[in-house]
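Below are the chains, spelled out letter by letter.
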Amino acid sequence: MSSASSSRTGAATRAGSAAEPVAHRAAPLDVALLALAVVSVSSSAPLVAATAAPALAVAFWRNAMAVGVLTPFAALRHRRELRGMGRGGVLLSVGAGALLALHFGTWLPSLHMTSVASSTALVTTTPIWTALLLRLRGQRPPALAWAGMAVAMLGVLLLTGVDLALSPRALAGDALALVGGIAGAGYVVLGAEVRRTVSTTAYTYVCYGTTSVLLLLTCLASGTALGGYSGATWLKLAVLTVTAQLLGHSLINRVVKGLGPSITSTALLLETPGAALIAALWLGQTPEAVAYPALAVILIGLALVILADRRKPG
């Protein structure tokens, strides 16, 4: 999400769907591919922070470039499916795309306001908000999930307290990242519903297309420059698209059927320390010492939420 996750297709895969089989044995190839996927999505936040382009423009181009790559596959292999998605499937996919645009439109700017570690930790609280949304739909999270949410929120309060002491700008960045995580949860819930009957390619094509259009309109309305970048900046945008937007998410979609959504989601919690490590080595962004306990508390809380999901019957 961070990426997001995306943020972001990876987040939808983390939630899984009712149609996905439960994994019984982890194949070595799937484990290796999942490790590569974690590295790929972990590169998202540091790449965005290092790219000399407006955050909204980065959000637009990573989605628009992904749509460009997906177009031949959608046109040649999924044309009939796209035509027969039905009004409900299209509306849900468009809604997911709108939430994904909000996710990117809030999270990516936060990376220029607060540290990569703080921003990534806050945006990957998506599982908490997903559980709350599912509760509103009638599903009852177990007690362990509520405990995990409470622990993670304690970590959020500790982390935002640290950033408030550093600067109001960092605190504003934290708030944007948190909104990005909440928007990512809505994207997860809608995406999981659509993917019960629609293939990943068809869904992501409509979703990414919607996200690109909305972000383009936002960039035009705000006067955000969409061009005139250096060759190095365009290269970073291309790398971001290939690694985080396509490679990472595609591998997640590939392994989740073999490993199951719970194992995949648990592994993707490593995105936060992964992004922090890359940012420290590449950008020299070392979090304040007092931030480490808060980051650890958030990860513990998220792990409890995922563990509760794994223990659910069915």
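The rules we used
- Residues numbered from 1 in each chain as written.
- Predicted model: local features only at pLDDT ≥ 70, side-chain atom pairs only at ≥ 80, totals over all residues.
- Heavy atoms only, no water.
- Helix = DSSP H or I, 4+ residues; strand = E, 2+ residues; numbered from the N terminus.
- Buried < 20%, exposed > 50% of the residue type's maximum accessible area, 1.4 Å probe, protein only.
- Areas by Shrake-Rupley, 256 points an atom, 1.4 Å probe, with all protein chains shown as cover.
- Axes fitted to C-alpha atoms, helices over the stretch in contact; angles between N-to-C directions.
- Parallel < 35°, antiparallel > 145°, perpendicular 65-115°, else oblique.
- Left-handed = near helix turned anticlockwise from the far one by under 90°.
- Contact = heavy atoms within 4.5 Å.
- Nonpolar A, V, L, I, M, F, W, Y, C, P; charged D, E, K, R; others polar.
- Phe/Tyr/Trp six-rings, centres within 6.5 Å; stacked < 30°, edge-to-face > 60°.
- Polar contact = N/O pair within 3.5 Å; in protein donor to acceptor, adjacent residues only side chain to side chain.
- Salt bridge = Lys/Arg side-chain N within 4 Å of Asp/Glu carboxyl O.
- Patch = residues over 30% accessible without salt bridge, like charges linked within 9 Å, V, L, I, M, F, W, Y side chains within 5 Å.
- Core = buried A, V, L, I, M, F, W, Y, C linked by side-chain atoms within 4.5 Å.

## Regarding the overall build of the chain
Argument step 1. In terms of helices and strands, the chain carries 15 helices and two strands.
Argument step 2. By residue count, 52% of the 314 residues in the chain fall in the buried class.
Argument step 3. In the form shown here, the chain has an accessible surface area of approximately 13200 Å², with 69% of it arising from carbon and sulfur atoms.

## Some points on the packing of helix 6 (residues 86-110) against helix 11 (residues 200-222)
Argument step 1. Contact pair helix 6 / helix 11: the axes reach a minimum separation of 7 Å and the direction vectors enclose 50 degrees. On the basis of their axis angle, the class for helix 6 and helix 11 is oblique. Here helix 6 and helix 11 pass one another in a crossing that is right-handed. Contacts between helix 6 and helix 11 involve Ser-93, Val-94, Ala-96, Gly-97, Ala-98, Leu-100, Ala-101 and Phe-104 on the former and, on the latter, Tyr-203, Val-206, Cys-207, Tyr-208, Thr-210, Thr-211, Leu-214 and Leu-215.
Argument step 2. Residue composition of the contact of helix 6 with helix 11, by class: twelve nonpolar, four polar and no charged.

## Observations concerning the packing of aromatic side chains
Argument step 1. Following the criterion strictly, the structure yields three aromatic pairs and no others.
Argument step 2. Three or more aromatic residues joined by ring pairs make a cluster, and in this case those are Phe-60, Trp-61, Tyr-229 and Trp-234.

## Quick notes on the environment of Gly-84
Argument step 1. Inspection of the secondary structure assignment puts Gly-84 in the loop between helix 5 (79-83) and helix 6.
Argument step 2. On the basis of relative accessible area, Gly-84 is assigned to the exposed category, the value being 59%.
Argument step 3. Residues Gly-84 and Val-198, 114 residues apart in the sequence, show an inter-C-alpha distance of 9.8 Å.

## Some thoughts on the environment of Ser-42
Argument step 1. Tracing the backbone through its elements, the reader meets Ser-42 in helix 2 (residues 28-42).
Argument step 2. Ignoring sequence-local partners within four residues, the contact set of Ser-42 consists of Leu-270, Glu-271, Gly-274, Ala-275 and Ile-278.
Argument step 3. Among the polar contacts listed, one links the side chain of Ser-42 to the backbone oxygen of Val-38, at a separation of 2.6 Å.

## Digging into the packing of helix 6 against helix 10 (residues 168-194)
Argument step 1. Orientation of helix 6 relative to helix 10, taken along the N-to-C sense of each, is 160 degrees, at an axis distance of 7 Å. On the basis of the axis angle, helix 6 is roughly antiparallel to helix 10. Once helix 6 is placed against helix 10, the crossing between them reads as left-handed.
Argument step 2. Taken together, the residues of the contact of helix 6 with helix 10 sort by class into 14 nonpolar, eleven polar and one charged.

## Digging into the pattern of salt bridges
Argument step 1. Summed over the entire model, instances satisfying the criterion amount to one salt bridge.
Argument step 2. Residue Glu-193 pairs with Arg-196 through a salt bridge whose shortest N-O separation is 3.9 Å.
Argument step 3. Since its relative accessible area comes to 27%, Glu-193 is described here as partly exposed.

## Here we look at the side chain of Thr-211
Argument step 1. Summarising the element assignment, Thr-211 is placed in helix 11.
Argument step 2. With a relative accessible area of 0%, Thr-211 lands in the buried category.

## Some details on a nonpolar patch on the surface
Argument step 1. Together, Val-213, Leu-214, Leu-217 and Leu-220 give the surface a local cluster of nonpolar side chains, amounting to about 360 Å² of exposed area.
Argument step 2. Looking at where Val-213 falls in the secondary structure, it is placed in helix 11.
Argument step 3. Judged by its relative accessible area of 47%, Val-213 is partly exposed.

## Brief notes about helix 8 (residues 126-136)
Argument step 1. Among the residues of helix 8, those classed as buried are Thr-126, Pro-127, Ile-128, Trp-129, Thr-130 and Ala-131.
Argument step 2. Backbone geometry just downstream of helix 8 places Gly-138 in the positive-phi region, at approximately 105 degrees.

## Observations concerning the nonpolar core
Argument step 1. Residues Trp-107, Leu-108 and Leu-159 are the most contacted members of the largest nonpolar core, which totals 65 residues.
Argument step 2. At nine residues, helix 4 (residues 55-77) tops the list of elements feeding residues into this core.
Argument step 3. With sequence-adjacent residues up to four places away left out, Leu-108 is seen in contact with Val-48, Ala-55, Val-58, Ala-59 and Arg-62.
Argument step 4. Listed in part, the five residues of the second largest apolar core include Ala-37, Val-41, Leu-251 and Ile-252.

## Looking at the environment of Leu-190
Argument step 1. By secondary structure assignment, the location of Leu-190 is in helix 10.
Argument step 2. Given the relative accessible area of 24%, Leu-190 is considered partly exposed.
Argument step 3. Taking the C-alpha atoms as reference points, Leu-190 and Leu-99, 91 residues apart in sequence, are found 9.3 Å from one another.
Argument step 4. Ignoring any residue separated from it by four or fewer positions in sequence, one finds Leu-190 in contact with Leu-92, Gly-95, Ala-96 and Leu-99.

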